[in-house]
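Structural overview for review
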Amino acid sequence: MTYTPEELNTIAQAPMAIGMAVALTDVGIVSTAIEAVALSKELAGAAKKYPTNSIVQATFSEAVLSSGKIQRSKPDVKAEDIESGAIVTNAIATVDLAIATIGTKATPEEITQFKQFIYACAEAVASAAGSGLFGSGDPKVSPTEASALSKIKAALSI
């Protein structure tokens, strides 16, 4: 399927917004950096992980990522959204918009896979770093991250 540049950007924002939301539910200088790297790895490996998914291929293939079609914009994150937990709700709204944008351009199976990919991004971020100065402590997934994962999973219906 073919997507417009605007549609591609909307679709690409979904896993990035979810990853950022999970990372920012439990902020630490080093751990947040580790989590950002984990999200980047998930995004970079998506095309290989989902080789038959038209949504992922159209949005996260090497060719698309290197073409500049996807404009990575800095998300509008407010401190009060982090403190209140609204950041997760806002990220879920971004996912809902992406799914609506996909509409009928993909099969139900591809949409389910895309949702699984989004959740995999959230899990990768949550389990990337634990507590402590360098993020090496246990547990890897904090209670606030676990709560965010639960809300995301429910919203994705997976």
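The structure this text deals with has already been given above.
Anyway, here's the lowdown on the structure attached to this text. (Residues numbered from 1 in each chain as written. Predicted model: local features only at pLDDT ≥ 70, side-chain atom pairs only at ≥ 80, totals over all residues. Heavy atoms only, no water.)

On to the overall build of the protein chain. Within the protein chain one finds 8 helices and 0 strands. Starting at the N terminus and ending at the C terminus, the protein chain contains elements arranged as α-α-α-α-α-α-α-α. Scored against the burial criterion, the 158 residues of the protein chain give a buried share of 44%. A separation of at least 24 residues holds for 73% of the contacts in the protein chain among residues at least 6 apart in sequence. (Helix = DSSP H or I, 4+ residues; strand = E, 2+ residues; numbered from the N terminus. Buried < 20%, exposed > 50% of the residue type's maximum accessible area, 1.4 Å probe, protein only. Contact = heavy atoms within 4.5 Å.)

A few words on helix α6 (residues 86-102). The terminal C-alpha atoms of α6 lie 24 Å apart, and with 17 residues this matches the ideal 24 Å at 1.5 Å per residue to within 8%. By the burial criterion, the buried members of α6 are Ile-87, Val-88, Ala-91, Ile-92, Val-95, Ala-98, Ile-99, Thr-101 and Ile-102. (Expected span 1.5 Å × (residues − 1).)

The next point concerns the pattern of salt bridges. Within this structure, the stated rule accounts for 2 salt bridges. The partner of Glu-7 in a salt bridge is Lys-105, with the nearest N and O atoms 2.8 Å apart. Of this pair, Glu-7 sits in helix α1 (residues 5-25) while Lys-105 is found in the loop between α6 and α7 (108-126), placing the two residues 98 residues apart along the sequence. Accessibility expressed as a relative area gives 24% for Lys-105, which makes it partly exposed. In this structure, Glu-42 and Lys-49 form a salt bridge, with 3.7 Å as the shortest nitrogen-oxygen distance. (Salt bridge = Lys/Arg side-chain N within 4 Å of Asp/Glu carboxyl O.)

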